[in-house]
Amino acid sequence: SYSTKQIGQVEDYMNIAQYVKAKSLEEAWELNQKKTAVVFGGGCWLRLSPQRRIQTAIDLSGLGLDTLAETEEAFVLGAMVTLRQIETSPALYAATQGAVKEALRHIVGVQFRNLATVGGSIFGRFGFSDVLTLFLTLEAEVELHRGGRMPLAEFAKQGGGNDILTQIIIPKKKRRTAYTSLRLNATDFPILACSVVRTADTLLCAVGARPARAEVRSFDSTRGLTEADATAVATEVAASMNFEDNTRGSAAYRRDMAVELCRRLLLQTGKEEA
């Protein structure tokens, strides 16, 4: 049993019956076809399911998926790359004008980000995910062992089933990127997360933590350059999405804040482009 914490008489734990360090992607895929199997990754977000029994925990750490590489066309992130590796990458920082660091720096703490993997964040498609919100606007793609390569926007809608996520690919483009989130506390889950990317011909706006998972909307890159049009685009984005209540905020509050946060990011990327 892997005990994560104990408060009074209530213990939050995971019970793992069998731990397997996969020797190949094919072995990991075969093991993962059983409903009782779980790809362990960094193991951090699995703690969100207290008192969970895992029959088989599949460890991918021996498969060389912990490399963050850069080619002429793209950044290639192995599924076992940690959030801290991404946060501290000078190349990714420069390519996103600091947005990647802004998106990751509030996630729990440095110790957590040293363990949590990008594969776990993307494959989980969590509603609160800062990573998913940002990567949608970066037009990222995912690579699955059997399913091959597909746009992250498509993967976010349908998921990967029992496949194994091996890589996340972020294409290199001339883009202006901006990210922000609204939180009750610095390291809390976001009440709302927003990302905007402007390229030569496309404007992408993503809103996450609605509290449902992030969705992205596309516009012509000439939109959102003035105060009036930025408000109009932000209002259109918010109107096209569903917002819900939870303990962190109401649907109405989230919708209003989505308009305001998107408006700010639209103007920020517009000014930088100009």
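All of the points below concern the structure found in this document. (Residues numbered from 1 in each chain as written. Predicted model: local features only at pLDDT ≥ 70, side-chain atom pairs only at ≥ 80, totals over all residues. Heavy atoms only, no water.)

**Quick look at the overall build of the protein chain**
- If you tally the helices and strands in the protein chain, you get 10 helices and 13 strands.
- The C-alpha radius of gyration computed for the protein chain amounts to 19 Å, which stays within 12% of the reference 19 Å derived for 274 residues, consistent with globular compactness.
- With the principal axes as the frame, the protein chain shows a C-alpha extent of 60 × 50 × 30 Å.
- When each of the 274 residues of the protein chain is scored for burial, the buried share is 49%.
- Residue pairs at least 24 apart in sequence account for 60% of intrachain contacts in the protein chain once pairs closer than 6 positions are excluded. (Helix = DSSP H or I, 4+ residues; strand = E, 2+ residues; numbered from the N terminus. Rg over C-alpha atoms; globule rule 2.2 N^0.38 Å. Buried < 20%, exposed > 50% of the residue type's maximum accessible area, 1.4 Å probe, protein only. Contact = heavy atoms within 4.5 Å.)

**Observations regarding the packing of aromatic side chains**
- Following the criterion strictly, the structure yields three aromatic pairs and no others.
- Here the aromatic rings of phenylalanine 123 and phenylalanine 155 are separated by 5.8 Å at their centres, their planes lie at 55°, and the arrangement is tilted. Here phenylalanine 123 is found in helix H6 (residues 118–124), whereas its partner phenylalanine 155 is found in helix H8 (residues 152–158), with 32 residues between them in sequence.
- Judged by its relative accessible area of 0%, phenylalanine 155 falls in the buried class.
- Ring centres of phenylalanine 128 and phenylalanine 189 lie 4.4 Å apart, and the angle between their planes is 35°; on these two criteria the pair is classed as tilted. Pair noted here: phenylalanine 128 is in the loop between H6 and helix H7 (130–137) and phenylalanine 189 is in the loop between strand S10 (176–182) and strand S11 (192–198), with a separation of 61 residues, a long-range link.
- In this structure an aromatic cluster arises from ring pairing among Phe126, Phe128 and Phe189. (Phe/Tyr/Trp six-rings, centres within 6.5 Å; stacked < 30°, edge-to-face > 60°.)

**Here we look at the sheet that holds S11**
- Overall, antiparallel pairing links the four strands, which are arranged S10-S11-S12-S13 in an open sheet. The sheet terminates laterally at S10 and strand S13 (215–220), the two strands that pair on one side only. Each strand axis lies, on average, 15° off the axis of its neighbour in the sheet, ignoring direction.
- Two strands pair when backbone bridges link them, and S11 and strand S12 (residues 202–208) are joined in this way by six bridges, in the antiparallel orientation. Note on S12: the bridge partner recorded for alanine 193 is glycine 208.
- Against the sheet, helix H9 (residues 227–239) engages S12 and S13, with an angle of about 145° to S13. (Pairing = 2+ DSSP bridges. Axes fitted to C-alpha atoms, helices over the stretch in contact; angles between N-to-C directions.)

**Here we look at H7**
- Among the eight residues of H7, eight are classified as buried, and the element is accordingly described as predominantly covered.
- Taken together, the buried positions of H7 are occupied by Asp130, Val131, Leu132, Thr133, Leu134, Phe135, Leu136 and Thr137.
- One or two steps after H7, the chain reaches glutamate 139, where phi turns positive at roughly 55°.

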